[in-house]
Amino acid sequence: MPTLLERFLKYVQIDTQSDETSPSAPSTAKQLDLSRVLEQECRELGLKDVSLSEYGVLIATLPGTMKSPAIAWVAHVDTSPEFSGKNVRPVVHENYDGSDIVLPGDPSRVLTVAENPELQQLIGETVITTDGTTLLGADDKSGVAVIMAAADYLLQHPEIPHGPIRLCFTVDEEIGRGTDHLEIDKVDVVCAYTLDSDGRGRVDSETFSADQALVKVQGINTHPSVGKDAMVNAIRILSAFLDRLPQRTLSPETTDDREGFIHPYHVEGGVAFASARLILRDFETEALSRQAQLLESIAEGLRNEFPLARITIEIKHQYRNMREGLRKEPRALAFAIEATSAAGLEPHLDIIRGGTDGSLMTAKGLPTPNLSSGQHNPHSPLEWTSEIEMETAKMVLVELARRWGQESAS
Ligand SMILES: [Zn+2]
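First, a word on what this report is: a plain description of the structure on this page. Sequence order sets the numbering: in each chain, residues are counted from 1 along the sequence as written. Restriction of local features to residues with pLDDT of at least 70 applies here, the model being predicted, together with a cutoff of 80 or more for giving and counting side-chain atom pairs; totals for whole chains, interfaces and linings are based on all residues.

Things to note about the sheet that holds strand 11 (residues 209-218)
Here is step 1: Read from one edge to the other, the open sheet built from 4 strands follows the order 12-13-11-14, with strand pairing classed as antiparallel. At either margin of the open sheet sits one strand with a lone partner, and together these are strand 12 (261-269) and strand 14 (310-319). Strand after strand, the sheet turns through a mean of 20° between neighbouring axes, direction not considered.
Here is step 2: Between any two strands, pairing holds if DSSP finds at least two bridges. Helix and strand assignments come from DSSP, with helices taken as H or I runs of at least 4 residues and strands as E runs of at least 2, each series counted from the N terminus. Judged from the 10 bridges that link them, strand 11 and strand 13 (residues 273-282) form a sheet pairing that is antiparallel. What sits directly across from Val-215, in strand 13, is Ala-276. A fitted line through C-alpha atoms represents every axis, and for helices the fit uses only the stretch in contact; the resulting angles, taken between N-to-C directions, go from 0 to 180 degrees.

A few points about helix 5 (residues 234-243)
Here is step 1: For helix 5, the full list of buried residues reads Ala-234, Ile-237, Leu-238 and Phe-241. The arc that holds the buried residues of helix 5, viewed along the axis, is 95°, so those residues lie on one side.
Here is step 2: For helix 5, the secondary structure elements touched by its buried residues are strand 11, strand 12, strand 13, helix 6 (285-305) and strand 14. Residue burial here comes from a neighbour count, namely the number of other C-beta atoms, placed from the backbone, that lie within 10 Å of the residue's own C-beta, with 20 or more meaning buried, 12 or fewer meaning exposed, and in between meaning partly exposed. It is the directions from the helix axis to the C-beta atoms that the arc portrays. The contact criterion used is a C-beta to C-beta distance within 7 Å, with each C-beta placed from the backbone.

A word on the nonpolar core
Here is step 1: Among the nonpolar cores identified, the biggest contains 92 residues, and Val-146, Ile-147, Leu-167 and Leu-397 are the most heavily contacted of them.
Here is step 2: The dominant element in this core, judged by the number of residues it contributes, is helix 3 (residues 138-156), at 10 residues.
Here is step 3: A domain assignment, automatic or from a database, supplies the domain bounds used here. Mapped onto the domain boundaries, this core takes at least three residues apiece from domain 1 (4-207 + 321-405) and domain 2 (209-319).
Here is step 4: Sequence-distant contacts of Val-146, defined by excluding residues within four places in its chain, comprise Leu-4, Leu-195, Ser-373, Met-390, Ala-393, Lys-394 and Leu-397. Among buried residues, those of type Ala, Val, Leu, Ile, Met, Phe, Trp, Tyr and Cys that are joined through C-beta atoms within 7 Å form a set called a nonpolar core.

Brief notes about the pairing of strand 13
Here is step 1: In terms of strand pairing, strand 12 meets strand 13 through 8 bridges, oriented antiparallel. Residue pairing for strand 13: Pro-264 is matched across the bridge by Leu-278.
Here is step 2: Hairpin connection of strand 12 to strand 13: 3 residues between the antiparallel strands.

Looking at the environment of Glu-20
Here is step 1: Following the sequence through the fold, Glu-20 ends up in the loop between helix 1 (4-12) and helix 2 (31-45).
Here is step 2: The exposed category is assigned to Glu-20, around which 12 C-beta atoms lie within 10 Å.
Here is step 3: Measuring from C-alpha to C-alpha, the distance between Glu-20 and Phe-335 comes to 35 Å, with 315 residues separating the pair along the chain.
Here is step 4: Glu-20 has contacts with Pro-81 and Ile-175, leaving out every residue within four places of it along the chain.

A short note on the packing of helix 1 against helix 3
Here is step 1: Contact pair helix 1 / helix 3: the axes reach a minimum separation of 9 Å and the direction vectors enclose 140°. Classed by the angle they form, the pair helix 1 and helix 3 counts as oblique. Viewed along their axes, helix 1 and helix 3 form a crossing whose handedness is right-handed. The residues of helix 3 that touch helix 1, namely those facing Leu-4, Arg-7, Phe-8, Tyr-11 and Val-12, are Lys-141, Ser-142, Val-144, Ala-145, Val-146, Met-148 and Ala-149.
Here is step 2: In the contact of helix 1 with helix 3, the residues fall into 9 nonpolar, 1 polar and 2 charged. The cut-offs work like this: below 35 degrees is roughly parallel, past 145 is roughly antiparallel, 65 to 115 is roughly perpendicular, and the gaps in between are oblique. Handedness of a helix crossing follows the sense of rotation of the near helix relative to the far helix, less than a right angle counterclockwise being left-handed and clockwise being right-handed. Note on residue classes: Ala, Val, Leu, Ile, Met, Phe, Trp, Tyr, Cys and Pro are nonpolar, Asp, Glu, Lys and Arg are charged, and everything else, Gly too, is polar.

Set out below in C-alpha coordinates:
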(Lines give C-alpha, C1' and ligand atoms only; values in the text may rest on other atoms or scores of the structure.)
Protein backbone atom coordinates (compact mmCIF):
# COMPACT_ATOMS: atom_id res chain seq x y z
CA MET A 1 0.00 0.00 0.00
CA PRO A 2 1.21 3.56 -0.74
CA THR A 3 2.38 5.79 2.10
CA LEU A 4 0.32 8.78 3.18
CA LEU A 5 2.74 11.11 1.39
CA GLU A 6 2.55 9.06 -1.82
CA ARG A 7 -1.23 9.21 -1.70
CA PHE A 8 -1.14 12.97 -1.16
CA LEU A 9 1.25 13.58 -4.07
CA LYS A 10 -0.94 11.49 -6.36
CA TYR A 11 -4.16 13.29 -5.39
CA VAL A 12 -2.81 16.84 -5.76
CA GLN A 13 -1.75 16.16 -9.34
CA ILE A 14 -5.38 15.59 -10.34
CA ASP A 15 -7.06 18.89 -11.25
CA THR A 16 -10.31 19.14 -9.26
CA GLN A 17 -11.08 22.86 -9.25
CA SER A 18 -14.74 23.68 -8.60
CA ASP A 19 -16.56 26.51 -10.40
CA GLU A 20 -19.06 28.78 -8.66
CA THR A 21 -20.49 30.01 -11.99
CA SER A 22 -21.52 26.51 -13.05
CA PRO A 23 -25.09 25.45 -12.20
CA SER A 24 -24.39 21.71 -12.51
CA ALA A 25 -23.71 19.22 -9.71
CA PRO A 26 -20.84 18.58 -9.41
CA SER A 27 -19.94 22.04 -10.72
CA THR A 28 -17.06 20.58 -12.75
CA ALA A 29 -16.85 17.02 -14.12
CA LYS A 30 -13.11 16.86 -13.44
CA GLN A 31 -13.68 16.62 -9.70
CA LEU A 32 -14.94 13.11 -10.38
CA ASP A 33 -11.51 12.18 -11.77
CA LEU A 34 -10.29 12.09 -8.19
CA SER A 35 -13.54 10.66 -6.77
CA ARG A 36 -13.22 7.69 -9.15
CA VAL A 37 -9.60 7.11 -8.14
CA LEU A 38 -10.70 7.12 -4.50
CA GLU A 39 -13.63 4.81 -5.26
CA GLN A 40 -11.17 2.33 -6.78
CA GLU A 41 -8.75 2.68 -3.87
CA CYS A 42 -11.56 2.14 -1.33
CA ARG A 43 -12.45 -1.10 -3.10
CA GLU A 44 -8.79 -2.19 -3.20
CA LEU A 45 -8.51 -1.53 0.54
CA GLY A 46 -11.47 -3.84 1.05
CA LEU A 47 -13.90 -1.21 2.36
CA LYS A 48 -17.59 -2.10 2.20
CA ASP A 49 -20.63 -0.47 0.56
CA VAL A 50 -18.50 1.76 -1.67
CA SER A 51 -20.76 4.10 -3.61
CA LEU A 52 -20.14 7.15 -5.78
CA SER A 53 -23.35 9.09 -6.45
CA GLU A 54 -24.11 10.93 -9.69
CA TYR A 55 -23.54 14.16 -7.76
CA GLY A 56 -20.04 13.10 -6.79
CA VAL A 57 -20.55 12.06 -3.16
CA LEU A 58 -18.34 9.05 -2.39
CA ILE A 59 -19.16 7.00 0.69
CA ALA A 60 -17.42 3.83 1.89
CA THR A 61 -17.54 1.89 5.14
CA LEU A 62 -14.71 0.52 7.22
CA PRO A 63 -16.52 -2.22 9.16
CA GLY A 64 -16.24 -2.07 12.95
CA THR A 65 -14.32 -4.57 15.04
CA MET A 66 -16.73 -3.77 17.91
CA LYS A 67 -20.42 -3.05 18.29
CA SER A 68 -19.71 0.63 18.85
CA PRO A 69 -21.35 3.78 17.48
CA ALA A 70 -20.63 4.56 13.82
CA ILE A 71 -18.80 7.80 13.02
CA ALA A 72 -17.78 9.48 9.75
CA TRP A 73 -14.62 11.12 8.46
CA VAL A 74 -15.23 13.76 5.79
CA ALA A 75 -12.99 15.62 3.33
CA HIS A 76 -13.60 17.49 0.08
CA VAL A 77 -11.91 16.63 -3.22
CA ASP A 78 -12.32 20.03 -4.90
CA THR A 79 -9.84 22.90 -4.80
CA SER A 80 -10.57 26.62 -4.69
CA PRO A 81 -11.52 28.60 -7.82
CA GLU A 82 -9.34 31.41 -6.45
CA PHE A 83 -6.10 30.07 -7.94
CA SER A 84 -5.18 27.60 -10.69
CA GLY A 85 -5.17 23.92 -9.75
CA LYS A 86 -4.08 22.69 -13.18
CA ASN A 87 -0.74 20.91 -13.67
CA VAL A 88 0.11 21.00 -9.98
CA ARG A 89 3.78 20.03 -9.60
CA PRO A 90 4.31 19.48 -5.89
CA VAL A 91 7.86 20.06 -4.64
CA VAL A 92 9.02 17.76 -1.83
CA HIS A 93 11.65 19.32 0.45
CA GLU A 94 13.16 16.44 2.40
CA ASN A 95 15.16 17.17 5.53
CA TYR A 96 14.02 20.82 5.51
CA ASP A 97 16.81 23.08 6.72
CA GLY A 98 14.80 25.93 8.26
CA SER A 99 15.48 28.56 5.61
CA ASP A 100 13.09 30.53 3.36
CA ILE A 101 11.87 28.44 0.43
CA VAL A 102 12.10 29.95 -3.08
CA LEU A 103 9.50 28.30 -5.31
CA PRO A 104 11.30 27.04 -8.42
CA GLY A 105 8.58 27.69 -11.03
CA ASP A 106 8.28 31.37 -10.01
CA PRO A 107 11.26 32.57 -7.94
CA SER A 108 9.40 35.79 -7.10
CA ARG A 109 7.29 33.67 -4.78
CA VAL A 110 9.07 32.88 -1.53
CA LEU A 111 7.76 31.02 1.49
CA THR A 112 9.39 32.95 4.32
CA VAL A 113 9.90 31.70 7.83
CA ALA A 114 8.93 35.18 9.07
CA GLU A 115 5.47 34.81 7.55
CA ASN A 116 5.21 31.07 8.30
CA PRO A 117 6.63 30.63 11.81
CA GLU A 118 5.26 27.05 11.93
CA LEU A 119 8.12 26.13 9.57
CA GLN A 120 10.55 26.52 12.48
CA GLN A 121 9.10 23.42 14.12
CA LEU A 122 9.64 21.39 10.95
CA ILE A 123 13.42 21.46 10.62
CA GLY A 124 14.60 18.02 9.51
CA GLU A 125 11.08 17.11 8.36
CA THR A 126 9.59 16.78 4.88
CA VAL A 127 7.81 19.93 3.70
CA ILE A 128 5.71 19.97 0.54
CA THR A 129 5.14 23.18 -1.46
CA THR A 130 3.95 24.13 -4.93
CA ASP A 131 6.37 25.15 -7.68
CA GLY A 132 4.87 28.65 -7.38
CA THR A 133 2.57 28.51 -10.42
CA THR A 134 -0.50 26.81 -8.93
CA LEU A 135 -2.10 26.19 -5.59
CA LEU A 136 -1.11 22.94 -3.89
CA GLY A 137 -4.54 21.60 -3.00
CA ALA A 138 -3.54 20.51 0.50
CA ASP A 139 -6.95 22.10 1.13
CA ASP A 140 -8.33 19.51 1.24
CA LYS A 141 -6.32 16.69 -0.33
CA SER A 142 -4.31 16.49 2.88
CA GLY A 143 -7.63 15.59 4.54
CA VAL A 144 -8.41 13.05 1.81
CA ALA A 145 -4.98 11.42 2.12
CA VAL A 146 -5.12 11.41 5.94
CA ILE A 147 -8.51 9.65 5.91
CA MET A 148 -7.42 7.03 3.36
CA ALA A 149 -4.19 6.37 5.27
CA ALA A 150 -6.03 6.11 8.61
CA ALA A 151 -8.46 3.54 7.16
CA ASP A 152 -5.49 1.60 5.77
CA TYR A 153 -3.77 1.74 9.18
CA LEU A 154 -6.82 0.41 11.03
CA LEU A 155 -7.15 -2.44 8.53
CA GLN A 156 -3.54 -3.38 9.23
CA HIS A 157 -4.11 -3.14 13.01
CA PRO A 158 -7.23 -5.21 13.66
CA GLU A 159 -6.29 -5.29 17.37
CA ILE A 160 -7.44 -1.65 17.68
CA PRO A 161 -11.10 -1.67 18.74
CA HIS A 162 -13.40 0.57 16.72
CA GLY A 163 -16.97 0.84 15.49
CA PRO A 164 -18.00 1.25 11.85
CA ILE A 165 -16.36 4.24 10.18
CA ARG A 166 -17.88 5.94 7.17
CA LEU A 167 -15.46 7.64 4.79
CA CYS A 168 -17.15 10.54 2.93
CA PHE A 169 -15.55 12.48 0.12
CA THR A 170 -17.56 15.48 -1.10
CA VAL A 171 -17.29 17.86 -4.07
CA ASP A 172 -17.89 21.63 -4.37
CA GLU A 173 -17.07 22.51 -0.76
CA GLU A 174 -15.13 25.57 -1.90
CA ILE A 175 -18.24 27.04 -3.54
CA GLY A 176 -20.49 26.35 -0.56
CA ARG A 177 -22.36 23.39 -2.04
CA GLY A 178 -20.43 20.58 -0.37
CA THR A 179 -23.35 19.08 1.49
CA ASP A 180 -26.16 19.79 -1.00
CA HIS A 181 -26.28 16.15 -2.07
CA LEU A 182 -24.95 14.52 1.07
CA GLU A 183 -27.83 12.59 2.59
CA ILE A 184 -27.30 12.65 6.33
CA ASP A 185 -29.68 9.71 6.89
CA LYS A 186 -27.67 7.56 4.50
CA VAL A 187 -24.43 8.38 6.27
CA ASP A 188 -26.15 7.06 9.41
CA VAL A 189 -23.59 7.91 12.11
CA VAL A 190 -23.73 9.57 15.55
CA CYS A 191 -21.27 12.27 14.56
CA ALA A 192 -18.80 13.17 11.83
CA TYR A 193 -15.44 14.93 11.59
CA THR A 194 -14.25 17.09 8.70
CA LEU A 195 -10.47 16.96 8.17
CA ASP A 196 -10.08 20.46 6.83
CA SER A 197 -8.32 22.66 9.38
CA ASP A 198 -4.90 24.25 9.51
CA GLY A 199 -1.69 22.92 11.00
CA ARG A 200 -1.95 20.29 13.72
CA GLY A 201 -3.86 19.70 16.91
CA ARG A 202 -6.78 21.98 16.13
CA VAL A 203 -10.34 21.06 17.05
CA ASP A 204 -12.64 23.68 15.53
CA SER A 205 -15.88 23.75 17.45
CA GLU A 206 -17.33 27.08 16.39
CA THR A 207 -17.92 28.76 13.07
CA PHE A 208 -19.56 32.02 12.11
CA SER A 209 -23.30 32.24 11.71
CA ALA A 210 -23.85 33.64 8.26
CA ASP A 211 -26.48 35.39 6.17
CA GLN A 212 -26.28 37.22 2.86
CA ALA A 213 -28.04 40.52 2.11
CA LEU A 214 -29.02 41.69 -1.35
CA VAL A 215 -29.71 45.43 -1.49
CA LYS A 216 -31.65 46.59 -4.56
CA VAL A 217 -32.28 50.18 -5.56
CA GLN A 218 -34.77 50.92 -8.32
CA GLY A 219 -34.26 54.46 -9.64
CA ILE A 220 -35.68 56.44 -12.57
CA ASN A 221 -33.52 57.16 -15.60
CA THR A 222 -34.08 60.16 -17.84
CA HIS A 223 -31.86 61.99 -20.28
CA PRO A 224 -29.48 64.00 -18.07
CA SER A 225 -30.54 67.20 -19.89
CA VAL A 226 -34.05 66.87 -18.43
CA GLY A 227 -33.08 65.26 -15.15
CA LYS A 228 -34.27 68.10 -12.93
CA ASP A 229 -36.90 66.83 -10.47
CA ALA A 230 -37.32 63.70 -12.60
CA MET A 231 -34.18 61.57 -12.44
CA VAL A 232 -33.64 59.27 -9.46
CA ASN A 233 -30.10 57.94 -9.70
CA ALA A 234 -29.82 54.46 -8.20
CA ILE A 235 -26.00 54.70 -8.21
CA ARG A 236 -26.06 57.72 -5.87
CA ILE A 237 -28.56 56.12 -3.55
CA LEU A 238 -26.70 52.82 -3.36
CA SER A 239 -23.42 54.69 -2.78
CA ALA A 240 -25.06 56.60 0.09
CA PHE A 241 -26.29 53.29 1.50
CA LEU A 242 -22.81 51.78 1.48
CA ASP A 243 -21.31 54.98 2.88
CA ARG A 244 -23.68 54.84 5.88
CA LEU A 245 -22.51 51.37 6.90
CA PRO A 246 -20.23 51.41 9.94
CA GLN A 247 -16.73 52.08 8.60
CA ARG A 248 -14.54 51.88 11.71
CA THR A 249 -16.25 48.89 13.27
CA LEU A 250 -18.16 45.87 12.03
CA SER A 251 -16.02 45.39 8.89
CA PRO A 252 -13.53 42.62 8.01
CA GLU A 253 -10.85 45.32 7.85
CA THR A 254 -11.38 46.36 11.48
CA THR A 255 -12.37 43.17 13.34
CA ASP A 256 -10.91 39.86 14.41
CA ASP A 257 -11.36 37.03 16.92
CA ARG A 258 -15.04 36.91 17.98
CA GLU A 259 -16.17 40.17 16.41
CA GLY A 260 -18.68 40.01 13.58
CA PHE A 261 -18.95 42.17 10.47
CA ILE A 262 -21.03 43.40 7.54
CA HIS A 263 -19.07 43.09 4.32
CA PRO A 264 -20.17 44.48 0.94
CA TYR A 265 -18.35 42.36 -1.65
CA HIS A 266 -20.08 43.04 -4.95
CA VAL A 267 -21.86 46.02 -6.53
CA GLU A 268 -23.33 46.43 -9.98
CA GLY A 269 -25.84 48.60 -11.78
CA GLY A 270 -26.63 51.89 -13.51
CA VAL A 271 -28.87 54.91 -13.06
CA ALA A 272 -32.12 52.95 -13.33
CA PHE A 273 -31.12 50.07 -11.10
CA ALA A 274 -28.22 49.22 -8.82
CA SER A 275 -27.60 46.41 -6.37
CA ALA A 276 -25.05 45.29 -3.81
CA ARG A 277 -24.35 41.95 -2.19
CA LEU A 278 -23.20 41.91 1.42
CA ILE A 279 -22.36 39.14 3.82
CA LEU A 280 -23.39 39.31 7.47
CA ARG A 281 -21.24 37.40 9.95
CA ASP A 282 -21.19 36.87 13.71
CA PHE A 283 -20.57 34.03 16.18
CA GLU A 284 -23.90 34.89 17.86
CA THR A 285 -26.79 34.06 15.55
CA GLU A 286 -28.99 36.76 17.19
CA ALA A 287 -26.46 39.38 16.10
CA LEU A 288 -27.34 38.67 12.47
CA SER A 289 -30.84 40.03 12.97
CA ARG A 290 -29.37 43.17 14.56
CA GLN A 291 -27.13 43.55 11.50
CA ALA A 292 -30.17 43.12 9.24
CA GLN A 293 -32.04 45.74 11.28
CA LEU A 294 -29.15 48.13 10.85
CA LEU A 295 -29.34 47.68 7.06
CA GLU A 296 -33.08 48.20 7.21
CA SER A 297 -32.74 51.43 9.20
CA ILE A 298 -30.24 52.82 6.68
CA ALA A 299 -32.66 51.89 3.88
CA GLU A 300 -35.52 53.56 5.75
CA GLY A 301 -33.59 56.82 6.01
CA LEU A 302 -32.89 56.76 2.28
CA ARG A 303 -36.52 55.95 1.46
CA ASN A 304 -37.50 59.17 3.24
CA GLU A 305 -34.88 61.18 1.38
CA PHE A 306 -35.66 59.62 -2.02
CA PRO A 307 -39.39 58.84 -2.01
CA LEU A 308 -39.43 58.00 -5.72
CA ALA A 309 -36.78 55.27 -5.35
CA ARG A 310 -37.65 51.73 -4.41
CA ILE A 311 -35.15 50.25 -1.97
CA THR A 312 -35.43 46.63 -0.88
CA ILE A 313 -33.28 44.27 1.16
CA GLU A 314 -33.46 40.50 0.86
CA ILE A 315 -31.78 38.40 3.53
CA LYS A 316 -30.72 34.85 2.67
CA HIS A 317 -29.85 32.23 5.26
CA GLN A 318 -26.35 30.76 4.71
CA TYR A 319 -25.09 28.73 7.70
CA ARG A 320 -25.06 28.75 11.50
CA ASN A 321 -22.44 28.46 14.23
CA MET A 322 -22.02 24.74 14.89
CA ARG A 323 -21.70 25.33 18.66
CA GLU A 324 -25.42 24.78 19.37
CA GLY A 325 -25.63 21.67 17.17
CA LEU A 326 -22.55 20.10 18.77
CA ARG A 327 -24.25 20.12 22.18
CA LYS A 328 -26.52 17.38 20.89
CA GLU A 329 -23.60 14.90 20.98
CA PRO A 330 -21.09 16.08 23.62
CA ARG A 331 -18.82 13.08 22.91
CA ALA A 332 -18.07 14.46 19.42
CA LEU A 333 -15.84 17.21 20.83
CA ALA A 334 -14.75 15.46 24.02
CA PHE A 335 -13.36 12.45 22.12
CA ALA A 336 -11.68 14.67 19.53
CA ILE A 337 -9.85 16.40 22.36
CA GLU A 338 -8.91 13.09 24.02
CA ALA A 339 -7.74 11.62 20.70
CA THR A 340 -5.60 14.67 19.96
CA SER A 341 -3.86 14.30 23.33
CA ALA A 342 -3.49 10.54 22.84
CA ALA A 343 -1.73 11.25 19.53
CA GLY A 344 0.82 13.30 21.48
CA LEU A 345 -0.44 16.78 20.63
CA GLU A 346 -1.65 19.71 22.68
CA PRO A 347 -5.34 19.99 21.71
CA HIS A 348 -6.27 23.44 20.64
CA LEU A 349 -10.00 24.33 20.72
CA ASP A 350 -10.54 26.90 18.04
CA ILE A 351 -13.08 29.07 16.29
CA ILE A 352 -13.25 29.67 12.54
CA ARG A 353 -14.10 33.05 11.07
CA GLY A 354 -15.92 31.27 8.26
CA GLY A 355 -17.90 28.10 7.65
CA THR A 356 -17.10 24.47 6.89
CA ASP A 357 -19.01 21.55 5.42
CA GLY A 358 -19.35 20.63 9.08
CA SER A 359 -21.37 23.78 9.86
CA LEU A 360 -23.91 22.74 7.23
CA MET A 361 -23.91 19.11 8.39
CA THR A 362 -24.30 20.17 12.03
CA ALA A 363 -27.21 22.40 10.99
CA LYS A 364 -28.79 19.36 9.29
CA GLY A 365 -28.60 17.51 12.61
CA LEU A 366 -25.27 15.69 12.35
CA PRO A 367 -22.72 17.13 14.83
CA THR A 368 -19.49 17.65 12.82
CA PRO A 369 -16.44 19.42 14.30
CA ASN A 370 -13.42 20.17 12.13
CA LEU A 371 -9.92 18.74 12.72
CA SER A 372 -6.42 19.68 11.53
CA SER A 373 -5.06 17.99 8.44
CA GLY A 374 -1.78 19.87 8.04
CA GLN A 375 -2.88 22.66 5.71
CA HIS A 376 -1.20 26.07 5.48
CA ASN A 377 -1.94 29.15 3.31
CA PRO A 378 -4.94 27.66 1.51
CA HIS A 379 -6.15 28.98 -1.87
CA SER A 380 -2.74 30.39 -2.71
CA PRO A 381 0.45 29.51 -4.61
CA LEU A 382 2.18 29.75 -1.22
CA GLU A 383 0.15 26.81 0.06
CA TRP A 384 2.17 24.11 1.81
CA THR A 385 1.97 21.13 4.14
CA SER A 386 4.31 18.67 5.82
CA GLU A 387 4.47 14.91 6.04
CA ILE A 388 4.66 14.89 9.85
CA GLU A 389 1.55 17.05 10.27
CA MET A 390 -0.43 14.77 7.98
CA GLU A 391 0.93 11.66 9.76
CA THR A 392 -0.08 13.10 13.15
CA ALA A 393 -3.55 13.90 11.79
CA LYS A 394 -3.77 10.24 10.76
CA MET A 395 -2.87 9.14 14.30
CA VAL A 396 -5.52 11.51 15.73
CA LEU A 397 -8.08 9.66 13.57
CA VAL A 398 -6.76 6.28 14.74
CA GLU A 399 -7.05 7.38 18.39
CA LEU A 400 -10.50 8.80 17.69
CA ALA A 401 -11.58 5.43 16.25
CA ARG A 402 -10.16 3.69 19.32
CA ARG A 403 -11.93 6.09 21.71
CA TRP A 404 -15.31 5.61 20.01
CA GLY A 405 -14.59 1.87 19.97
CA GLN A 406 -14.75 1.88 23.78
CA GLU A 407 -18.39 3.04 23.69
CA SER A 408 -21.18 0.59 23.24
CA ALA A 409 -23.71 1.19 20.50
CA SER A 410 -27.12 2.11 21.81
ZN1 LIG B 1 -11.16 23.06 2.66
